[in-house]
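# Architecture at a glance
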Amino acid sequence: MLDQAQRLRQLVSEKESHIENREFTYAEKTGDEAKVITVTSGKGGVGKSNFVVNLGITLQKMGKSVLIFDADVGMGNDDVLMGFLPKYNVYDVMFKDKQIDEVMVEGPFGIKLLPGGTGISRIDEIDEHRRNMFLNKLGSLKGFDFILMDTGAGINRTVLGFIKCCEELIVVTTPEPTSLTDAYSLVKVVNHFKIKPTAKVVINRVVDYKEGQHTFDKFNGVVGKFLGMNLEHLGSISEDRKLIQAVREQKPFAVNYPNCSAALDINEIALKLCGEKSNKKVKDYKDYLKRYLISFHKEGRKWLD
């Protein structure tokens, strides 16, 4: 049985050139281990980091202990979304021998964040030895129920490495054709190199529940037909103006607007990750109410005349 640290060390225990020739050995999870989840996307701009931050806070509000690791080293912005100006980041763990608990900052409801840092000039110097030391430190952490790793967008060895060392993979996409195409490319590479046999998919910025389900069904159909890979629709997140407002305020919408559509959608996703069933009737009613209000806004003058 592999413990959490061993599972994370999978990232550095294999040479990158051998990724395509070796299949990852999955760890059997014990009760006192954190669930390590990698969240990634085929392209940037799909709302991945916003999803991670608000999902982590929602899980924390549910009584779980959560660590967000901004794994987009050098280009991280999870700290910005949470309104932080951290003194240290992962660079200090790798190059200045800081311990992770010295670098972590505490956010809303006690959630912990390990910042990725921005504009790090020595990013190319992160070799296998430094990554190994860092992952050993990360794997030795105790007391967390979830570790959410927010990777950079796109397909590269670093992203694939973080996918390899996690327990679950979440791919974030939107209904836009370009986003779905890039998400398919990412899933194709993960499947080709036998990194993960399955993935969970979140459809962001949907008009309503039906659009999210329809988008997933199309995407899943293509992946199943050409790749034979199993996907799970973890959920969809509504297009919500409160999300834009929260970003500008640097306050996560799960904190400032906990009853907005996007926050309720992420709440359902968090329940699924905790092994609880979401309340689909509430979701259906919310979509009905939304469509009703939109119709009233458009036709209200006609009705009142």
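From a predicted model like this one, the values you see are computed outputs, not experimental measurements.

## Examining the overall build of the protein
Within the protein, the regular secondary structure consists of 13 helices and eight strands. By residue count, 51% of the 305 residues in the protein fall in the buried class. Surface accessibility of the protein: about 15,000 Å² in total, with carbon and sulfur atoms responsible for 50%.

## Topic: the sheet that holds strand S6 (residues 168–173)
Taken in spatial order, the eight strands line up as S3-S4-S2-S5-S1-S6-S7-S8 in an open sheet, and their pairing is mixed. Both edges of this open sheet fall to strand S3 (105–106) and strand S8 (230–238), since each of them pairs with a single strand only. Two elements, strand S7 (residues 198–206) and S8, share seven bridges in a ladder whose sense is parallel. When the sheet's bridge partners are listed, alanine 199 is paired in S8 with leucine 231. With respect to the sheet, helix H2 (residues 48–61) is in contact with strand S1 (35–40), strand S2 (66–70), strand S5 (146–150), S6, S7 and S8, its orientation differing from that of S5 by roughly 170 degrees.

## Details of the pairing of S2
By the criterion of burial, S2 is predominantly enclosed, with five of the five residues buried. Residues Val66, Ile68 and Asp70 line one face of S2 and the alternating positions Leu67 and Phe69 line the opposite face, and both faces are buried. In terms of strand pairing, S2 meets strand S4 (residues 112–114) through three bridges, oriented parallel. When the sheet's bridge partners are listed, leucine 67 is paired in S4 with lysine 112.

## Here's the deal with the nonpolar core
By size, the foremost hydrophobic cluster in this structure holds 35 residues, and its most contacted members are Phe51, Leu55, Leu148, Ile170, Val202, Phe253 and Ile269. Apart from the residues lying within four places of it in its own chain, the contact partners of isoleucine 170 are Ile37, Thr38, Val39, Thr40, Phe51, Lys200, Val202 and Leu234. Counting residues in hydrophobic clusters, the runner-up holds 25 residues, among them Ala71, Tyr91, Val103 and Phe162.

## Side note on the pairing of S8
The side chains of a regular strand alternate, residue by residue, between the two faces of the sheet. When you tally the buried positions in S8, you get seven out of nine residues, the bulk of the element. Running through helix H9 (residues 209–226), the crossover from S7 to the neighbouring parallel element S8 is right-handed.

## Here we look at the packing of aromatic side chains
On inspection of all chains with the given rule, the structure shows three aromatic pairs. Each residue in the set Phe69, Phe134 and Phe162 is aromatic and connected to the rest through ring pairs, giving one cluster.

## A few points about the environment of glutamate 239
As for its placement among the helices and strands, glutamate 239 is situated in the loop between S8 and helix H10 (241–249). Between the C-alpha atom of glutamate 239 and that of arginine 205, which follows or precedes it by 34 residues, the distance is 4.1 Å. When residues no more than four places from it in sequence are discounted, the contact partners of glutamate 239 are Arg205 and Val206.

## Section: the confidence of the model for the protein
For the protein, the mean per-residue pLDDT works out to 82, and 77% of the residues sit at or above 70. In the model, residues 1–5 has pLDDT below 50 throughout and makes 18 contacts with residues more than four positions away in sequence or in other chains.

## Concerning the pattern of salt bridges
A side chain with one charge can pair with a side chain of the opposite charge if their charged atoms come near. Taken as a whole and judged by the stated rule, the model has six salt bridges. Here glutamate 168 makes a salt bridge to lysine 35, at a shortest N to O gap of 3.5 Å. Of the two residues, glutamate 168 sits in strand S6 while lysine 35 sits in strand S1, which places them 133 residues apart along the sequence. Residue glutamate 168 is classed as buried on the basis of its relative accessible area of 16%. Using a relative accessible area of 16% as the deciding quantity, one classes lysine 35 as buried. In this structure, the salt-bridge partner of lysine 137 is aspartate 97, at a minimum N-O distance of 3.6 Å. Taken together, the residues lysine 137 in helix H6 (residues 128–139) and aspartate 97 in the loop between helix H4 (90–95) and helix H5 (100–103) connect sequence positions 40 residues apart. With a relative accessible area of 13%, lysine 137 lands in the buried category. A relative accessible area of 55% means that aspartate 97 is categorised as exposed.

Calculation notes
Residues numbered from 1 in each chain as written. Predicted model: local features only at pLDDT ≥ 70, side-chain atom pairs only at ≥ 80, totals over all residues. Heavy atoms only, no water. Helix = DSSP H or I, 4+ residues; strand = E, 2+ residues; numbered from the N terminus. Buried < 20%, exposed > 50% of the residue type's maximum accessible area, 1.4 Å probe, protein only. Areas by Shrake-Rupley, 256 points an atom, 1.4 Å probe, with all protein chains shown as cover. Pairing = 2+ DSSP bridges. Contact = heavy atoms within 4.5 Å. Axes fitted to C-alpha atoms, helices over the stretch in contact; angles between N-to-C directions. Core = buried A, V, L, I, M, F, W, Y, C linked by side-chain atoms within 4.5 Å. Right-handed = clockwise from strand over helix to strand, strands pointing away. Phe/Tyr/Trp six-rings, centres within 6.5 Å; stacked < 30°, edge-to-face > 60°. pLDDT = per-residue confidence, 0-100. Salt bridge = Lys/Arg side-chain N within 4 Å of Asp/Glu carboxyl O.

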